[in-house]
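# Fold and geometry: a report
Residues per chain are reported as follows:
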Amino acid sequence: MTSAPLTLLCLPNAGGSAAMYHRWKRLLPDWLTVLPMELPGRGHLGSQPLVSDYDAMVTQLASDYLALPPGRYALFGHSMGGLLAHGLAQRLSQSVAGRAPCALLVSASAAPTCRNPVIGDLHDGALIAEMRKQGGTPEEAFASEELMQMVLPVMRADYQVCASFQHDARRQPLALPLHVFAGRSDHNTPQQMAAWRHETQASFSLHWFDGGHFYLRDAPQEARLMHAIERLLHTNRIERTSPAIALAGQEMV
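Please read all numbers here as calculations on a predicted model, not as lab measurements. (Residues numbered from 1 in each chain as written. Predicted model: local features only at pLDDT ≥ 70, side-chain atom pairs only at ≥ 80, totals over all residues. Heavy atoms only, no water.)

## Quick word on unusual backbone geometry
Threshold: Going along the chain from the N terminus, every DSSP run of H or I of four or more residues is numbered as a helix, and every run of E of two or more is numbered as a strand.
Although it is not a glycine, S79 sits at a positive phi angle of roughly 60 degrees. Locating S79 in the fold gives a position in the loop between β3 (73–78) and α2 (80–95). Notably, A108 is not glycine yet its phi reads approximately 55 degrees, a positive angle. Of note, A108 is situated in the loop between β4 (103–107) and α3 (124–134).

## Some thoughts on the sheet that holds β4
Quick reminder of the rule: Pairing between two strands requires that DSSP report at least two bridges joining them. For helices, the fitted line uses only the C-alpha atoms of the stretch in contact; every axis is such a line through C-alpha atoms, and the angle between N-to-C directions lies from 0 to 180 degrees. Only heavy atoms enter the contact rule, under which two residues are in contact if any of them lie within 4.5 Å.
Spatially, 6 strands are ordered β2-β1-β3-β4-β5-β6 in an open sheet, and the strand pairing comes out parallel. Whereas interior strands pair on both sides, the edge strands pair on one side only; in this sheet they are β2 (32–36) and β6 (204–209). Geometrically, the sheet is characterised by an average inter-axis angle of 20 degrees between neighbouring strands, direction not taken into account. Bridge count between strand β5 (residues 178–183) and β6: 6 bridges; the pairing is parallel. By the bridge assignment for β6, A182 is matched with W208. Most of the contacts of α2 go to β3, to which it runs at about 145 degrees, and overall it touches β1 (6–11), β3 and β4.

## Observations regarding the packing of α3 against helix α5 (residues 145–164)
What counts is decided by this rule: Relative orientations are named as follows: roughly parallel for angles under 35 degrees, roughly antiparallel for angles over 145 degrees, roughly perpendicular for angles from 65 to 115 degrees, and oblique for any other angle. Think of it as three bins: nonpolar holds Ala, Val, Leu, Ile, Met, Phe, Trp, Tyr, Cys and Pro, charged holds Asp, Glu, Lys and Arg, and polar takes everything else, Gly as well.
Two elements in contact, α3 and α5, have axes separated by 10 Å at closest approach and are oriented at 85 degrees. Classified by the angle their axes make, α3 and α5 are roughly perpendicular. Seen from α3, the contacting residues are D124, L127, I128, E130, M131 and Q134; seen from α5, they are M148, V151, L152, M155, R156 and Y159. Here the residues of the contact of α3 with α5 sort into 8 nonpolar, 1 polar and 3 charged.

Structure (structure tokens):
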């Protein structure tokens, strides 16, 4: 069966940019178009002011999304990007008829109902310590004062975005498939990841990978993730509201 075209909009982690997803364009099949979404203050949007408020960021992303040509879209977000992708899916599903994404994919991000507290106004030393804790940043990068002067303001604004997030218990769960990906050695617990199942009325799955918060930067794990994304979106483009739910912690990949 020939797969219908679908676009995967990808949102980066805190301190990251759309560039982290460029290589996916050659790793995923032709029917799945990878479209990285850049956040203000980085990449080709580097001239725009940084955004430090969660609701303001989601509003900006919704505006960018609605400026795209109509079509079938899925959302993917890693870490902070997963939290933003969820907020974007909620905004589009509840306020814009006919423009909701067909699926939400979240990586290395705790569920909205059980996130750990985030301190938004960290000094440079604390931000660097957090970056080292998360992993994913080459150690030699920390030795470059020039690079740190560019990275730290972005990281601080993104931490403020996460700190400003407030879960709204009045919102209804999404009516679209939700697929979650997690590293077995990440600081997010299995319970925090499994709690995503309460954010959808449709199908849910939880997939575990070897590695930590940035498991997807390991080539073998990235390949497994690509396979999982291709398989899940190939199915979900047809079945938008399947009631099947995977058990928490079940190995799906």
